[in-house]
Amino acid sequence: MAHKVTDACVGCGACEGACPVGAVKVGDAGVAVVDAGTCIDCGACEGVCPTGAIQPE
Ligand code: SF4
Ligand code: SF4
């Protein structure tokens, strides 16, 4: 289980700063990507995303 990023992502980067383990980064495509192997499913990114783009998988 990990959190995943949907098409609603606008690349604002808020989730990056909220993640305690550095599992989510805005990539070259301008959207956030969650590293499923690092994500501990804490939900912090979900709470800060302005567009609700991060959801539990
Ligand atoms: S659920 Fe937690 S650990 Fe996973 S990407 Fe979001 S903030 Fe990081
Ligand atoms: S906080 Fe939401 S909109 Fe912003 S980069 Fe992360 S997933 Fe995308």
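Shown above is the structure to which this text applies.
As the structure is a computational prediction, the values presented were derived from the model and not from experiment. (Residues numbered from 1 in each chain as written. Chains lettered and ligands numbered in written order. Predicted model: local features only at pLDDT ≥ 70, side-chain atom pairs only at ≥ 80, totals over all residues. Heavy atoms only, no water.)

Draft legend 1. Geometry of the overall build of the protein chain. Along the protein chain, the regular secondary structure elements total two helices and four strands. In the protein chain, the succession of α and β elements from N to C terminus is β-α-β-β-α-β. Against the globule reference of 10 Å for 57 residues, the protein chain gives a C-alpha radius of gyration of 10 Å, in line with a compact fold. In terms of overall dimensions, the protein chain has C-alpha extents of about 25 × 20 × 20 Å along its principal axes. Taking all 57 residues of the protein chain together, 25% fall into the buried category. (Helix = DSSP H or I, 4+ residues; strand = E, 2+ residues; numbered from the N terminus. Rg over C-alpha atoms; globule rule 2.2 N^0.38 Å. Buried < 20%, exposed > 50% of the residue type's maximum accessible area, 1.4 Å probe, protein only.)

Draft legend 2. Region of the structure containing the environment of His3. Among the structural elements, His3 can be located in strand β1 (residues 3-5). We classify His3 as buried; its relative accessible area is 5%. Sequence-wise, His3 and Val33 are 30 residues apart; in three dimensions their C-alpha atoms are separated by 9.5 Å. Not counting residues within four places of it along the chain, the set of residues in contact with His3 comprises Val34, Cys39, Asp41, Gly43, Cys45, Glu46, Ile54, Gln55, Pro56 and Glu57. There is a polar contact of 2.6 Å between the side chain of His3 and the side chain of Asp41. Engagement of the side chain of His3 in a polar contact is seen with the side chain of Glu46, the distance being 2.8 Å. (Contact = heavy atoms within 4.5 Å. Polar contact = N/O pair within 3.5 Å; in protein donor to acceptor, adjacent residues only side chain to side chain.)

Draft legend 3. Representation of unusual backbone geometry. Positive phi is not limited to glycine here, since Asp41 has a value of about 60°. Relative to the elements of secondary structure, Asp41 occurs in the loop between β3 (32-34) and α2 (44-48).

Draft legend 4. Spotlight on the site of ligand 2. The full set close to ligand 2 counts 14 residues, and Cys9, Cys12, Gly13, Cys15 and Cys49 are the nearest of them. Of the residues belonging to the shell around ligand 2, the class tally is eleven nonpolar, three polar and no charged. (Near = heavy atom within 4 Å. Nonpolar A, V, L, I, M, F, W, Y, C, P; charged D, E, K, R; others polar.)

By themselves, these figures tell us nothing about what the structure is for.
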